[in-house]
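Single-letter residue listing:
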Amino acid sequence: MSFPWAKHYEPKQPLMRWLDEKLPLPRLVYNAVGAGYPVPRNLNYFWNFGVLAGAALAIQIVTGIVLAMHYAANAGVAFGSVESIMRDVNAGWFLRYAHANGASMFLLVVYVHIGRGLYYGSYKAPREMVWLLGVVIFLLMMATAFMGYVLPWGQMSFWGAQVITGFFSAIPLVGEPIRVWLLGGFAPDNAALNRFFSLHYLLPFVIAGVIILHIWALHIPGSNNPTGVEVKGEQDTVPFHPYYTAKDGVGVGVFLLIFALLIFFSPNLLGHPDNYIEANPLSTPAHIVPEWYFLPFYAILKSFTANFILDAKLWGVLAMFGSILLLFFLPWLDTSPVRSANYRPKYRIFLGILLVDILVLGYVGGAEANARNVILGQIASAYYFAHFLIILPWVARSERPRPLPNSITEAVLAKHGGTSIAHSAAQA
Amino acid sequence: MATDSMVPPGESPEPFHEEVHDPRRRDFINIAAVSFAGVGVLAIVLPLVNQMNPSADVLAQSTTEVDLSKIQPGQAIKSQFRKQPLFVRNLTPAEIAEANKVDVASLRDPQTLAERTKPGKENWLITLGVCTHLGCVPLGAGEGENKGPFGGYFCPCHGSAYDTAARIRQGPAPKNLFVPNYTFNSDTAVTVG
């Protein structure tokens, strides 16, 4: 693990030396996110987003634990207990708005983090396991976010639970028994609310555990970088602390600014007014939409309107789950040995188109299901799958990558007026 | 007993030679121990999985009695069955005729009105008010609600339209509205469930 020139932990304080002998926890931290972890010297601000995701998870856990002290997971009083948090609990409104908007911030930074991985080829060998664990974290996050959204027991909570557990009823034969088993009833009710609360409290800690595996797997080959060229020697790296702790600090500051803008000036911007109406099992809101971060997947679900061998409903559910499970195969679908899109002219264009495609899916997911939007959603869904299954393997085979720099240091010096390898060698 | 004194305390006096069996004695003990533990784990997993199923109090709500005496022809009411909306509709002769006029073979989920009602009580259409697409409550049971292009029920979520026999006619839903088990206790009372 790590490079041979990594700094060693040498505690000077007698107390720290004593602790290091008995329980080398400070050593672990030092080697993981301290000066003992050498990192490529050329990381840009996109490399902030992993730390930002960790910060967002910490915020969610802290605000969530406090909210759980005031929330009651009972269908009779859940909605009232959330209103009491908003009106009566000291600073309750702040904690709840921080938790609700914190979920959006968490998914936002994770989407940028995933996009960074796609652009710079961070999913490729030798970092496949990092990517796979990342997709696991993403799936856990989606489950956690969904179950958390059910807890306030508003109209959108209830009907979201009804629709999403309804996915399982699309499975032939065993679908309906599975749905009843998941809900503990025939429709979302007290049993479902209680188990969702239990799991919503549990899953963030599971996520934290998988994050540790994610970082562990990352630290074996070390971090990727914007050139995608592997670290060749000590001159290519700087210690994580203080260089990237400082750079990440800037990112955390910007993150908190945007977070504060949402909480204090527009706390309901990303929510739905219908969720301030208590759940009513006898009346469906006119327009059910999930939270913004699920819209592209919802659009894929809605795109299947005709039966073809299987029910349209089953196709929609399979495609929606498939769109995420597909990511597990990405390291083997993209066979190009070049990582960074900076050196892959064709891939770069198609990745741009994919981004637009996902934004279109997001729009369709939230829009009314009229004829034009259905067609638009179908085209965008088809393109999403085509990107991964057809375009990526084809691009990898047909593309002529631009010449790669010999090393990270050469790329850095070329950017800052250094001219030759000899020049950089003289510096090193 | 001079040899005995040579043996350190706690060890057997002679080397232990056992004939080699397949499986060996210790393999057998291993397999037996793990199997026993496995059965124990299964016995514990079973209640852990089963606790997720509907509890006795949820199942106790599995029958609903509906009084039909106040429902005029052309009217419908919403009741609840297993915490799900239940539509009870008194069809007019015109609606019955319209439902019977449809070519059953042309339907997505082919069923006649007679198959969806009780003999002699063809005017009483009792279905769950749960759209078979993703579980929204269709409109059309309440006074003045949109009954959709086929005069039955219309789901506002994704535009599924049901006819006067609550059969799926248009939109993404795969099945007709579900007809639960029910029995007529008298001419004006049914027990659903």
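As recorded in an unreviewed UniProt entry, chain A goes by the name Cytochrome b, listed as coming from Sphingomonas liriopis. Heading Sequence similarities (unreviewed entry) of the UniProt record for chain A holds this comment: "Belongs to the cytochrome b family." We quote the UniProt Subunit (unreviewed entry) comment for chain A here in full: "The main subunits of complex b-c1 are: cytochrome b, cytochrome c1 and the Rieske protein."

Visitor: I'd like a description of the interface of chain A and chain B, backed by residues and values.
Guide: Size of an interface: often given as the accessible area lost when the parts come together. Listed by partner, the interface residues are 27 residues for chain A and 28 residues for chain B. Summing both sides of the interface, chain A and chain B together bury roughly 2,300 Å²; the carbon and sulfur share of this comes to 63%. Among the residues of chain A in contact with chain B, Trp181, Phe186 and Leu282 of chain A are the three that bury the most area, contributing 32% of the side total. The tally of links from chain A across to chain B stands at 1 salt bridge. Across the pair aspartate 189 of chain A and lysine 83 of chain B runs a salt bridge, and its minimum N-O distance is 3.3 Å. Across the chain A-chain B interface, the total number found is 7 residue pairs in polar contact (both at pLDDT 80 or more). Elements represented by at least two residues in the side of chain A that touches chain B include exactly helix H7 (155-166), helix H8 (175-183) and helix H11 (295-302) of chain A. Counting residues per element, the side of chain A that touches chain B draws most heavily on H8 of chain A, which supplies 4 residues. Looking at the side of chain A that touches chain B residue by residue, the classes come out as 15 nonpolar, 6 polar and 6 charged.

Visitor: Talk me through the pattern of salt bridges; I want residue IDs and the actual numbers.
Guide: Pairing is possible between side chains of opposite charge, provided their charged atoms come close. Scanning all chains against the criterion turns up 16 salt bridges over all chains. For arginine 89 of chain B, the salt bridge is made with glutamate 95 of chain B, and the minimal N-O distance between the two is 3.2 Å. Under the relative-accessibility criterion, arginine 89 of chain B is labelled buried at 1%. The exposure class assigned to glutamate 95 of chain B is buried, which follows from its relative accessible area of 12%. Bridged by salt links that share partners, the residues Lys124, Asp334, Arg344 and Glu399 of chain A form one connected network.

Visitor: Can you explain the UniProt feature "binding site: heme b b566" (unreviewed entry) in chain A? Please cite residues and give values.
Guide: Residue and element names in this part refer to chain A. In this numbering, the UniProt entry assigns the feature "binding site: heme b b566" (unreviewed entry) to His113 and His214. For this annotated set, covering 102 residues, all C-alpha atoms fall within 13.2 Å of each other, a compact arrangement in space. By the element assignment, histidine 113 lies in helix H5 (residues 92-119). Not counting residues within four places of it along the chain, the set of residues in contact with histidine 113 comprises Phe49, Gly50 and His214. Residue class for histidine 214 comes out buried when judged on its relative accessible area of 17%. Apart from the residues within four sequence positions on either side, histidine 214 is in contact with His113, Val130, Leu133, Gly134 and Ile137. Polar side-chain contacts of histidine 214 include one of 3.0 Å to the backbone oxygen of valine 130.

About the cut-offs
- Residues numbered from 1 in each chain as written.
- Chains lettered and ligands numbered in written order.
- Predicted model: local features only at pLDDT ≥ 70, side-chain atom pairs only at ≥ 80, totals over all residues.
- Heavy atoms only, no water.
- UniProt positions renumbered as here; feature names shortened; annotations may be inferred.
- Contact = heavy atoms within 4.5 Å.
- Buried area = accessible area lost by both parts, 1.4 Å probe.
- Salt bridge = Lys/Arg side-chain N within 4 Å of Asp/Glu carboxyl O.
- Polar contact = N/O pair within 3.5 Å; in protein donor to acceptor, adjacent residues only side chain to side chain.
- Helix = DSSP H or I, 4+ residues; strand = E, 2+ residues; numbered from the N terminus.
- Nonpolar A, V, L, I, M, F, W, Y, C, P; charged D, E, K, R; others polar.
- Buried < 20%, exposed > 50% of the residue type's maximum accessible area, 1.4 Å probe, protein only.

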